[in-house]
Amino acid sequence: SAVISQKPSRDICQRGTSLTIQCQVDSQVTMMFWYRQQPGQSLTLIATANQGSEATYESGFVIDKFPISRPNLTFSTLTVSNMSPEDSSIYLCSVETSGGGYTFGSGTRLTVV
Amino acid sequence: GENVEQHPSTLSVQEGDSAVIKCTYSDSASNYFPWYKQELGKRPQLIIDIRSNVGEKKDQRIAVTLNKTAKHFSLHITETQPEDSAVYFCAAKTGGTSYGKLTFGQGTILTVHP
């Protein structure tokens, strides 16, 4: 199945700044998914990124806050913009594997101070 | 959209006992139901999954059952071991679109006492 490299693994950021998270997949995939996992909570889908088109955002998430790039079929970035402490979470990317399941990157643990 | 409810939120068992976690979903078009295990500080790992055309699937100590009519599915772990302690998430893949997205349940913290 696909292997995802995600970075950074963790970061501590000042409020008001932005952080860009990268995910690299070892094979070409049509869709890449970005999730947020708040402390002690489940995974919530932020958006779905398709190469060559704008990402599709879920209710409660907007492009200005979470801009996404998908320049090719193996790479995507998620930016968390104008951060506040409420953005402190784990952010994970995910792809659908050839077997039909979904695999996740190792996650980015973000702390906003 | 899809809504997945998971119960219980915490589950404590003795080593060797069985553990059962249940999930219900709302979208009858959902067609794929994975279970993930997440250990502290790690990514979710797929442990078993089932598709809507199958009623039960087993992999060693782990099994999943699906009742499409009632729209619920369950994870069964037999002969539990301390290393089974983790957070378990169910999910449902929304059907009816050109691609699938997963909606997750709230998670179950499983603790297996030696």
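The coordinates are above.
Residues numbered from 1 in each chain as written. Chains lettered and ligands numbered in written order. Predicted model: local features only at pLDDT ≥ 70, side-chain atom pairs only at ≥ 80, totals over all residues. Heavy atoms only, no water.

A. The arrangement of the overall build of chain A in detail. Each helix and strand in chain A was counted, giving 0 helices and 11 strands. Seen in sequence order, chain A has helices and strands lined up from the N terminus as β-β-β-β-β-β-β-β-β-β-β. Over its C-alpha atoms chain A spans a radius of gyration of 13 Å, differing by no more than 12% from the 13 Å that the globule rule assigns to 113 residues. With respect to the principal axes defined by its C-alpha atoms, chain A has extents near 40 × 25 × 20 Å. Here chain A holds 113 residues, and the buried ones make up 52% of them. Within chain A, contacts between residues at least 6 apart in sequence are counted, and of these 51% link residues at least 24 apart. Within the structure as shown, chain A displays about 5200 Å² of accessible surface, and the carbon and sulfur contribution to it stands at 46%. For chain A, the distance from the average site of its 7 positive side-chain charges to the average site of its 8 negative ones is 9 Å. (Helix = DSSP H or I, 4+ residues; strand = E, 2+ residues; numbered from the N terminus. Rg over C-alpha atoms; globule rule 2.2 N^0.38 Å. Buried < 20%, exposed > 50% of the residue type's maximum accessible area, 1.4 Å probe, protein only. Contact = heavy atoms within 4.5 Å. Areas by Shrake-Rupley, 256 points an atom, 1.4 Å probe, with all protein chains shown as cover. Lys, Arg positive; Asp, Glu negative; His and termini not counted. Charge placed at Lys NZ, Arg CZ, Asp CG, Glu CD.)

B. Main features of the overall build of chain B. Along the backbone of chain B there are 0 helices and 11 strands. Reading chain B from its N terminus to its C terminus gives the helix and strand order β-β-β-β-β-β-β-β-β-β-β. Rg of the C-alpha trace for chain B: 14 Å, near the compact-globule value of 13 Å for 114 residues, within the 12% margin. Counting only C-alpha atoms, chain B reaches 45 × 30 × 20 Å along its principal axes. A buried classification covers 43% of the 114 residues belonging to chain B. The contacts in chain B between residues at least 6 apart in sequence include a share of 54% that link residues at least 24 apart. Carbon and sulfur atoms provide 48% of the accessible area of chain B, an area that totals close to 5700 Å². Charged side chains in chain B number 12 positive and 12 negative. The centres of these two groups are separated by 8 Å.

C. Inspection of the interface of chain A and chain B at higher detail. Across the boundary between the two partners, chain A contributes 22 residues, which contact 16 residues of chain B. Overall, the association of chain A and chain B removes approximately 1600 Å² of surface from exposure, summing both partners, and the carbon and sulfur fraction of that is 52%. At the junction of chain A and chain B, the tally comes to 2 salt bridges. A salt bridge links K101(B) to E58(A); the nearest nitrogen and oxygen atoms lie 2.9 Å apart. The greatest single-element share of the side of chain A that touches chain B, amounting to 4 residues, is contributed by strand β4 (residues 31-37) of chain A. Tallied by class, the residues present in the side of chain A that touches chain B amount to 9 nonpolar, 10 polar and 3 charged. (Buried area = accessible area lost by both parts, 1.4 Å probe. Salt bridge = Lys/Arg side-chain N within 4 Å of Asp/Glu carboxyl O. Nonpolar A, V, L, I, M, F, W, Y, C, P; charged D, E, K, R; others polar.)

D. Representation of the environment of N31(B). Within the fold, N31(B) resides in the loop between β3 (19-25) and β4 (32-38). Spatially, the C-alpha atoms of N31(B) and F104(B) are 14 Å apart, while their sequence positions differ by 73 residues.

E. Representation of the sheet that holds strand β6 (residues 56-59) of chain B within the structure. Residues and elements named next belong to chain B. Strands sit in the order β1-β3-β8-β7-β6 across an open sheet of 5 strands; the sheet is antiparallel. Both outer strands of the open sheet, β1 (4-7) and β6, are each paired with one neighbouring strand and no more. Adjacent strand axes in the sheet meet at a mean angle of 15 degrees, parallel and antiparallel pairs treated alike. Pairing of β1 with β3 involves 4 bridges; the strand directions are antiparallel. Opposite E5, over in β3, you have T24 as the bridge partner. (Pairing = 2+ DSSP bridges. Axes fitted to C-alpha atoms, helices over the stretch in contact; angles between N-to-C directions.)

F. The arrangement of the pattern of salt bridges in detail. All names here are of chain B. The full count for this structure, using the stated rule, is 7 salt bridges over all chains. The partner of E39 in a salt bridge is K42, and the shortest N-O contact between them spans 4.0 Å. The partly exposed category is assigned to E39, whose relative accessible area is 32%. In this structure, a network of salt bridges that share partners links the residues K37, E39 and K42.

Without other data, these values stay purely geometric and don't point to any function.
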